[in-house]
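Spelled out, the chains give:
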Amino acid sequence: MTWEQIKARFEAANPALKADALGVDEARAAEITANLRPNPQFAFAADGAQLAPNNGVWQPLSGVQTQTTLSYLHERQRKRELRTEAAKDSTLVAAENHEDLKRNLEFNLRSAFIQTLQAKATLKLARDDLEYYDNIIGISRDRFHAGDIAQVDLDRIELQRVQYESQLQSALVSLRTAKIQLLQMLNDRTPVEQFDIDGPFDFSPNIKDLEQFRQIALDARPDLRAAIEQIEQSKAQHKLALANGSTDPTFGGWWTYDGSFNNPNANHALGLSVTLPLRIFDRNQGEKQRTAIDIQKSQQATESTRAQVFGDVDSAYAQVDSNITLLKPYKDRYLAQSTRVRDTVTYSYQHGGATLIDFLNAQSDYRTVQLAYLQLIGSYLTAASQLNLAVGREVIP
């Protein structure tokens, strides 16, 4: 599986990412609630039933008065619109926070992917070294049988194979462990033996200028966008707090049967009312002040996040640049030199021109240089992934 396939499967299957995505859907559902109008109120009342006889007369229902009432709370100063606006801003913040979680989880995924690639490269190096050394052992045995080297020298060469076997087993365990970690992040139950990845394990010697990465980060970092949206949400909440300090009238109307005491002929009567709460003590003062302070808090948090963005980009860029500086001489000189030295000393040893110690040292130096190069490639790819994380999108493949 390539990196793109791994990332696609991760986005589709990771439980933490899927759970957080549902949180965004919850925020969208809250928009519906925020946009709802108040329900009208309906009431039915009956009054005037005679409970006990009076003067020998008991007609319990003859004087019953019935009343049907319908009332509605009218929200003034765009309260419903402001609630909806605040809810939409909340959804935007939740969506950006989800993207930020995805950004961080994908960095962890990328690190596991790189670790697996590095383990594969290390395993290949271990196998190649063992194969090369087995060839040397075969040649040494031929020399021993020809009387060209002593038994002790052959024994020392064959004993050295244990080190290569140990390195091979360590590489196998490292690769298996890296694959298990990757499968766990994918929430995949595929057997380790049937799972494999593929991708370039190399470095690019050229990168963009630091200022370009900074500008990309300002546009792409979801945590910075979330902080900016948080300011807008705080402003909307403050407007809503001001509106909630206003008085909302309740309009009512009722129809009454046998309800007019001033007009005996008015068996059917209509009534109207307006109810106004007297906001003497509670005018939402606390929420007005709190939301005003929250705007300032959100602005300061945004400035802090912006500073964090620059710090992350600068730090990651420095690490990538440092790794490139170290890798260039390896690729230009050290790899070829270590191979040339090993092959030359090996040829010389096979023909009696170099000692056993020289041969073993050349083998050790070759492996040290090759392994250091692989580790530097892994460090570079990890630093590149860190830069992608700092910028907010993939700028170095």
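Above: the structure in question.
Presented here is an overview of the structure given in this document. Because the structure is predicted, anything quoted here is derived from the model rather than measured.

1. Some words on the sheet that holds strand E1 (residues 41–47)
Spatially, E1-E2-E3-E4 is the arrangement adopted by the four strands of the open sheet, whose pairing is antiparallel. Strands with a single pairing partner mark the edges of an open sheet, and in this sheet they are E1 and strand E4 (268–275). Between one strand axis and the next, the sheet turns through 15° on average, direction left out of account. As defined by bridge partners, strand E2 (residues 65–73) adjoins strand E3 (residues 250–257) across eight bridges and the pair is classed as antiparallel. By the bridge assignment for E3, Thr 69 is matched with Trp 254.

2. Section: the pattern of salt bridges
If you walk through the whole model with that rule in mind, you get 28 salt bridges. Across the pair Arg 143 and Asp 148 runs a salt bridge, and its minimum N-O distance is 2.7 Å. With a relative accessible area of 10%, Arg 143 lands in the buried category. Its relative accessible area of 44% is what places Asp 148 among the partly exposed residues. With its nearest N and O atoms 2.7 Å apart, the salt bridge here joins Arg 214 to Asp 314. Residue Arg 214 is located in helix H6 (residues 210–220), and its partner Asp 314 is located in helix H8 (residues 285–350); the two are separated by 100 residues in the primary sequence. Members of the salt-bridge network, linked through shared partners, are Asp 100, Arg 103, Arg 221, Asp 223 and Asp 312.

Cut-offs and rules
Residues numbered from 1 in each chain as written. Predicted model: local features only at pLDDT ≥ 70, side-chain atom pairs only at ≥ 80, totals over all residues. Heavy atoms only, no water. Pairing = 2+ DSSP bridges. Helix = DSSP H or I, 4+ residues; strand = E, 2+ residues; numbered from the N terminus. Axes fitted to C-alpha atoms, helices over the stretch in contact; angles between N-to-C directions. Salt bridge = Lys/Arg side-chain N within 4 Å of Asp/Glu carboxyl O. Buried < 20%, exposed > 50% of the residue type's maximum accessible area, 1.4 Å probe, protein only.

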